[in-house]
Amino acid sequence: TLIKPSFPVGPPYCRWARGVLMVLTSDMEEGVYKYTVRIQASDSARFANKTLDITITETAVPSVTLIIRDANPNGKYPVTSAIAISGTFDDLDPTIQYEFVWSIKRYETNPL
């Protein structure tokens, strides 16, 4: 049973929250690990289970940093302006052909 991450100090970019399963994978061997997560109501009458498989491999994951060029300090952009994004990549393996895909979501009020 895990109520917090399974490691004492997490990386600075990970933030633990209720409902998030975080495990330390550095000591795991390659293979498929099966996790079952259970949530239970305080009255113990209602519960739900979710099972997932996590595959651990020895593939290095490159570091990708996306930067909004000419960023607006308040984080708001008019719909008439283009948003330019540039990216930097570290630790790329020259023997692997990578494809990076990302998207920008637009949040607005519901018109209904």
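Residues numbered from 1 in each chain as written. Predicted model: local features only at pLDDT ≥ 70, side-chain atom pairs only at ≥ 80, totals over all residues. Heavy atoms only, no water.

Chemist: What exactly am I supposed to notice about the pattern of salt bridges here?
Modeler: Pairs can form between side chains of opposite charge once their charged atoms are near each other. A full pass over the atoms with the stated rule returns 2 salt bridges. With a shortest N-O distance of 3.5 Å, Lys-34 and Asp-53 are connected by a salt bridge. Remark: Asp-53 occurs in strand β2 (residues 47-56) and Lys-34 occurs in strand β1 (residues 31-40); sequence separation between them is 19 residues. Since its relative accessible area comes to 60%, Lys-34 is described here as exposed. The class of Asp-53 is partly exposed, set by a relative accessible area of 49%. A salt bridge links Asp-43 to Arg-46; its shortest N-O distance comes to 4.0 Å. Look at Arg-46 and you get exposed, because its relative accessible area is 56%. (Salt bridge = Lys/Arg side-chain N within 4 Å of Asp/Glu carboxyl O. Helix = DSSP H or I, 4+ residues; strand = E, 2+ residues; numbered from the N terminus. Buried < 20%, exposed > 50% of the residue type's maximum accessible area, 1.4 Å probe, protein only.)

Chemist: I would appreciate a short explanation of the environment of Asp-70 in the present structure.
Modeler: Relative to the helices and strands, Asp-70 is located in the loop between β3 (63-68) and β4 (85-90). Given the relative accessible area of 77%, Asp-70 is considered exposed.

Chemist: Help me understand the pairing of β1, please; the structure alone is not making it clear to me.
Modeler: A regular strand places its side chains so that they alternate between the two faces of the sheet. The pairing of β1 with β2 spans 10 bridges and is classified as antiparallel. Bridge pairing in β2 links Gly-31 to Ile-56. Between β1 and β2, which follow one another and run antiparallel, lie 6 residues, and Ser-44 among them has a positive phi close to 65°. (Pairing = 2+ DSSP bridges.)

Chemist: Any chance you could explain the environment of Arg-38 here in plain terms?
Modeler: Structurally, the position occupied by Arg-38 is in strand β1. Taking the C-alpha atoms as reference points, Arg-38 and Lys-50, 12 residues apart in sequence, are found 6.5 Å from one another.

Chemist: Would you mind showing me how to read the packing of aromatic side chains here?
Modeler: Each aromatic ring pair is described using two quantities: the centre-to-centre distance and the angle formed by the ring planes. Tallied over the entire structure, the rule returns 2 aromatic pairs. Taking the centre distance of 4.4 Å and the plane angle of 20° together, the rings of Phe-89 and Phe-100 count as stacked. With Phe-89 in strand β4 and Phe-100 in the segment after β4, the pair connects residues that are 11 residues apart, well separated along the chain. For Phe-89, a relative accessible area of 32% gives the class partly exposed. (Phe/Tyr/Trp six-rings, centres within 6.5 Å; stacked < 30°, edge-to-face > 60°.)

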